[in-house]
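Architecture and fold: a report
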Number of protein chains: 2
Amino acid sequence: MRLSFIGIEDVPMIEPGDDLAQIISDAVLAMGEALQADDVIVIAQKVISKAENRYLDLRSVTPSADAVALGLEVDKDPRKVQAILDESNEVVRKRQGVLIVEHRLGFVQANAGIDQSNIAHEDDADDSLCLLLPVDPDASAERIRVFIKQCHGVDVGVIINDSLGRAWRNGSLGLAIGVAGFTALEDYVGKTDIYGRELKVTLVAAADEMAAGASLVMGQTSEKTPVVLVRGYQPKEPEDQALRGVRPLIRPKAMDLFR
Amino acid sequence: MRLSFIGIEDVPMIEPGDDLAQIISDAVLAMGEALQADDVIVIAQKVISKAENRYLDLRSVTPSADAVALGLEVDKDPRKVQAILDESNEVVRKRQGVLIVEHRLGFVQANAGIDQSNIAHEDDADDSLCLLLPVDPDASAERIRVFIKQCHGVDVGVIINDSLGRAWRNGSLGLAIGVAGFTALEDYVGKTDIYGRELKVTLVAAADEMAAGASLVMGQTSEKTPVVLVRGYQPKEPEDQALRGVRPLIRPKAMDLFR
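Now for a quick tour of the structure. (Residues numbered from 1 in each chain as written. Chains lettered and ligands numbered in written order. Predicted model: local features only at pLDDT ≥ 70, side-chain atom pairs only at ≥ 80, totals over all residues.)

The next point concerns the sheet that holds strand β4 (residues 88–95) of chain B. Strand pairing in a sheet relies on backbone hydrogen bonds. The paired strands run either parallel or antiparallel. Residue and element names in this part refer to chain B. Judged by pairing direction, the sheet is antiparallel, and its 3 strands sit side by side in the order β4-β5-β6 without closing on themselves. Only two strands of the sheet have a single neighbouring strand rather than two, namely β4 and β6 (108–110). The average angle at which neighbouring strand axes cross in this sheet is 25°, direction not considered. Here 3 bridges tie strand β5 (residues 98–103) to β6, and the two strands are oriented antiparallel to one another. (Pairing = 2+ DSSP bridges. Helix = DSSP H or I, 4+ residues; strand = E, 2+ residues; numbered from the N terminus. Axes fitted to C-alpha atoms, helices over the stretch in contact; angles between N-to-C directions.)

Right, dumping it as structure tokens:
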């Protein structure tokens, strides 16, 4: 197998209301590439959130007494703390400057994925502009998949990725936060190893592996190259509705050894 | 940027004592590819361990009283428990059938990375043959890098990867356990975002992102495609000795929020 991770050039700055599916489609065509049925399109969370106008101005946030207390405890702007709490199911860990939470979408991550870099700051002298995760990244991915199908007649896969930290390793890693058109979690149950013996570990986080590789091509300032075309994977939509989207990658709290 | 992940075909079954650097080099040439200075070679841990004869026959293991007790507690072969303890600094979590440990190399992972699939079992009716991680994966990677340099005159990067589980997500993910010839943890400190503002999150686990993408090409039975050539990355050896190898990716226990 050979996979090509192709950074899509000249994607314009994305503004609220932009038709991202059309923009991505145009940018791919402008590179002389035609979308194919073995393509997966990986899109940085940041541009999805911008197109969906997920900006939050901290000046509009009134922190609760809890947020003020927690902000003092971890030395963090109480309005930012409030924004994090509003996006989260629970605080998992806290320390100076950082809150590890379970995001309402189920992801365990720092600061609920709320970002203050790579966003416009014309009128933003006190760093008050933030960007939240998309409301429903699977739905965002599915809309783009459907648009590509309608305009180009091909069934591509779509991943929305974001850079997340890890518990035991340094450095961020690109992971999938939204998936459409293929199986995020590959299950090899019943398959055999090269000696014909049944595999014991059978679940592979295929969407995360692809999201990570794409993240390397995007680089740190992912808005410069917010879209990566992964060619050669041959994505297949799972028939079972429950296996679609990013949900199968998320471990339920009851199965969590670390909470 | 465009990265190609090329699965190297026809790598033979690896046996203890095999010269893996020569075998990989031959297999790349047999595909009509010449190694280039912008290549990173990703090699599955399993074939490194086999070449280095890291087999362990559980029939040769006498479990301690502690291993017997722990085996009863988690319902696991006490000889396997002993093998895990022998490879580990500490047990981090335990549950039915699984021990999460800090491996002596610093990785927090299930069962110390000891594997019983994809290994030969001619004389192994009771599943007693295991494969341990390499003694020093950075050194294994460096030996292959030096060989390529000597034979082909090019400075490639080398990653040894393995599939690891995660705390909060389902499915295994390919990660780097040994690195040579490039910077595993990219530090963007002092760099600015697209609006000229200094980046706050600056550390990117580049070697893990590459290891993950390569893992997707290897597939579940990684011995069929145990070597993936990543083309287009332009690896650079860090000048500072302390930044070489996989070590910068490993978070010290003192910085760990979950132990």
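The next thing to look at is helix α6 (residues 206–218) of chain A. Residue and element names in this part refer to chain A. In a regular helix each residue adds 1.5 Å, so 13 residues correspond to 18 Å; α6 covers 18 Å between its end C-alpha atoms and thus fits that length. Buried residues dominate α6, accounting for 13 of its 13 residues. After α6 finishes, the residue Gly 219 shows a positive phi value of roughly 75°. (Expected span 1.5 Å × (residues − 1). Buried ≥ 20, exposed ≤ 12 C-beta atoms within 10 Å, placed from the backbone.)

Residues and elements named next belong to chain A. Burial analysis of strand β2 (residues 39–44) places 6 of its 6 residues in the buried class, the great majority of the element. Where β2 and strand β12 (residues 227–231) come together, 5 bridges link them in antiparallel fashion. Across the sheet, Val 40 pairs through a bridge with Val 230, a residue of β12. Pairing of β2 with strand β8 (residues 157–164), which is carried by 5 bridges, proceeds in the parallel orientation. Bridge pairing in β8 links Val 40 to Gly 157.

Geometric values such as these leave the question of function open.
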